[in-house]
Amino acid sequence: MDYPTPSISHLSRKPYVNYVYDAAEDTFLFMDALQNDAILPLICIEVGSGSGAIISFISKILGPECYYMATDINPIAANCTIDTAKLNEMPQCEVIITDLVSGLKDRLTGNVDVILFNPPYVVTPSKEISGNGIEASWAGGENGREVMDRLFTIVPQLLSPSGLFYLVAIKENYPDEIIKTMKMVGLSGEIILSRKAGRENLFILRFDKENSLS
Amino acid sequence: MRLLTHNMLTSHVKGAESGYPLILEAAEVILRNVDFNPEFIKRMLSKVNWDVLYQTAKAIGHLNDIPEQLQPNVENDEEFLRKAHHVLLEVEVKEGHLICPTSKKKFQISNGIPNMLLGEESSS
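First, a word on what this report is: a plain description of the structure on this page. These numbers were taken from a predicted model, which means no experiment stands behind them. The residue count restarts for each chain, going from 1 along the sequence in the order it is written. In the order they appear in the text, chains get letters beginning with A and ligands get numbers beginning with 1. Local features in a predicted model are, by the rule used here, given only for residues with pLDDT of at least 70; side-chain atom pairs are given and counted only at 80 or more, and totals for whole chains, interfaces and linings are based on all residues. To obtain the side-chain values, all non-hydrogen atoms of the structure were included, while hydrogens and water were left out.

**Some thoughts on the interface of chain B and chain A**
Thought 1: In this analysis, two residues are considered to be in contact whenever any of their non-hydrogen atoms come within 4.5 Å of each other. Counting residues at the interface gives 32 residues for chain B, matched by 32 residues for chain A.
Thought 2: Taking both partners together, chain B and chain A bury about 2,600 Å²; carbon and sulfur atoms supply 54% of that area.
Thought 3: A 1.4 Å probe defines the accessible area here, and the buried area is the portion of it lost by two parts on being joined, summed over both. Its largest share of buried area at the contact with chain A, chain B owes to Met-8, Arg-43 and Ile-113 of chain B, together 24% of the area lost on that side.
Thought 4: Between Lys or Arg on one side and Asp or Glu on the other, a salt bridge is scored when a side-chain nitrogen of the former is within 4 Å of a carboxyl oxygen of the latter. Connecting chain B to chain A are two salt bridges.
Thought 5: Residue Glu-94 of chain A is joined to Arg-2 of chain B by a salt bridge in which the shortest nitrogen-to-oxygen separation is 2.8 Å.
Thought 6: Polar contacts, as used here, are pairs of N or O atoms within 3.5 Å; protein pairs need one atom able to donate a hydrogen and one able to accept it. Residues neighboring in sequence count only if both atoms are side-chain atoms. The interface formed by chain B and chain A contains 13 residue pairs in polar contact (both at pLDDT 80 or more).
Thought 7: Think of it this way: any DSSP run of H or I at least four residues long counts as a helix, any run of E at least two long counts as a strand, and we number them from the N terminus. Those elements giving two or more residues to the side of chain B that touches chain A turn out to be α1 (3-8), α2 (38-45) and β4 (113-114) of chain B.
Thought 8: Residue polarity is assigned by list, with Asp, Glu, Lys and Arg as charged and Ala, Val, Leu, Ile, Met, Phe, Trp, Tyr, Cys and Pro as nonpolar; anything else, Gly included, falls into the polar class. The residue inventory of the side of chain B that touches chain A, partitioned by class, reads 14 nonpolar, 11 polar and seven charged.

**Quick notes on the sheet that holds strand β6 (residues 187-197) of chain A**
All names here are of chain A.
Thought 1: Pairs of strands are assigned from DSSP output, requiring at least two bridges between the strands. Pairing within the open sheet is mixed, and its seven strands lie in the order β3-β2-β1-β4-β5-β7-β6. On the outer flanks of this sheet lie β3 (93-97) and β6, each paired with one strand and no other. For this sheet, the mean inter-axis angle between neighbouring strands, taken without regard to orientation, is 15°.
Thought 2: Sheet topology places strand β1 (residues 43-47) next to strand β2 (residues 67-72); five bridges connect them, and they run parallel. In the sheet register, Val-47 faces β2, and the bridge partner there is Thr-71. Fitted lines through C-alpha atoms give the axes, limited to the stretch in contact for helices. The angle between two N-to-C directions lies from 0 to 180 degrees.

**Here's the deal with the pattern of salt bridges**
Residue and element names in this part refer to chain A.
Thought 1: This structure, assessed with the given rule, holds 13 salt bridges over all chains.
Thought 2: Residue Asp-99 is joined to Arg-150 by a salt bridge in which the shortest nitrogen-to-oxygen separation is 3.0 Å. One end of the pair, Asp-99, is in the loop between β3 and α4 (105-108); the other, Arg-150, is in helix α5 (residues 146-152), and 51 residues separate them in sequence.
Thought 3: The exposure class of Arg-150 is partly exposed, given its relative accessible area of 40%.
Thought 4: Where Glu-177 meets Arg-145, a salt bridge forms, and the shortest distance between an N and an O atom there is 3.5 Å. Of this pair, Glu-177 sits in helix α7 (residues 175-184) while Arg-145 sits in the loop between β4 (112-117) and α5, placing them 32 residues apart in sequence. Using a 1.4 Å probe on the protein chains alone, a residue whose accessible area is under 20% of its type maximum counts as buried, one over 50% counts as exposed, and one in between counts as partly exposed.

**Some remarks on the environment of Trp-138 of chain A**
Residue and element names in this part refer to chain A.
Thought 1: Structurally, the position occupied by Trp-138 is in the loop between β4 and α5.
Thought 2: Remark: the alpha-carbon pair of Trp-138 and Tyr-21, spanning 117 residues in sequence, is separated by 8.4 Å.
Thought 3: Dropping the residues within four chain positions of it, Trp-138 is found in contact with Pro-120, Tyr-121, Val-122, Thr-124 and Glu-128.

**What about α7 of chain A?**
All names here are of chain A.
Thought 1: Every buried residue belonging to α7 is among Pro-175, Ile-178, Ile-179 and Met-182, and all of these are buried. The arc that holds every buried residue of α7, seen down its axis, measures 100°, which confines them to one face. Seen from the buried face of α7, the exposed residues on the opposite side, beyond 90 degrees, are Asp-176, Lys-180 and Met-184.
Thought 2: Lining the buried residues of α7 we find α5, β5 (159-170), β6 and β7 (200-209).
Thought 3: Looking one or two residues beyond α7, the residue adopting positive phi is Gly-186, at roughly 90°. Each direction from the helix axis to a C-beta atom contributes to the arc, which is the arc of those directions.

**A closer look at the pairing of β5 of chain A**
Residue and element names in this part refer to chain A.
Thought 1: Counting buried residues along β5, 10 of its 12 residues qualify, which places the element largely inside the surrounding structure.
Thought 2: Taken together, the five bridges between β4 and β5 define a ladder with parallel strand orientation. Residue pairing in the sheet places Ile-115 in a bridge with Phe-165 of β5.
Thought 3: Direction of pairing for β5 relative to β7: antiparallel, over a ladder of seven bridges. Of the residues in β7, the one forming a bridge with Val-168 is Ile-204.

Here it is, written out as structure tokens:
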């Protein structure tokens, strides 16, 4: 079944234009992967929600049975996520300005059913990843992995026994190596979708806890 | 920020022994209409720290008659589930502050969004 793409026309206007990364091919590939999976989660978190297109989209799939929380380190992006949620009549979307999942991980340990992350994956010099403006939406440091690697160590603690972790990555991030790394912390993963978009080879990776594999 | 979200948030100031629960100061509260979904509330209750919910709702004056202690067998008590629904999802703090219980650091809530950044990100 196809779900409608959320309205995000406000992204091309003030105050968001130039401050929030607009939905692009990576976002659309992420949507395609999500609508292929049917799950019944209670708590869903998007890390680095940016425009808010993905969290709004998944709420159409999972419906009002789920509590949605989104985080972003960029305050303008956080406000944009709220506006996108409202524009798309999303039942409840809570947004928190924070670094990855800081402030959420203590109480939510073992309780998050879906974690979504379209990280800053572009390969850049390490020094470019320290900001919290629009550069935080793409600057990924060495191998484009420096920000996502920090979340990888936390994901196994956050996920519920049947929880799923979805990640966007590009070829330069070495997706196969990400899958190997996650295996060592108890998560089993696979590439569920890939697409070439201009110069980018995009991948959607999905992970779950190995003991819950059917 | 809804009280359910407050229930899940912890301060992560370095060196603070316990960052939970955050003290909530509400300058502006709005009440929303959210469709009542008893199944959702029943499933969510197991994740909620009830004592923190009760104390926080009381502190900001939106207790809505929820009981101080969570009673067993509430699954079929629609009146209770409706009250819990209201306190968890319909009370939204639009403007205010969250305060770390140990370090007393203040985190601003603006446009319903709490800002948990520490300035220089010295979190773990």
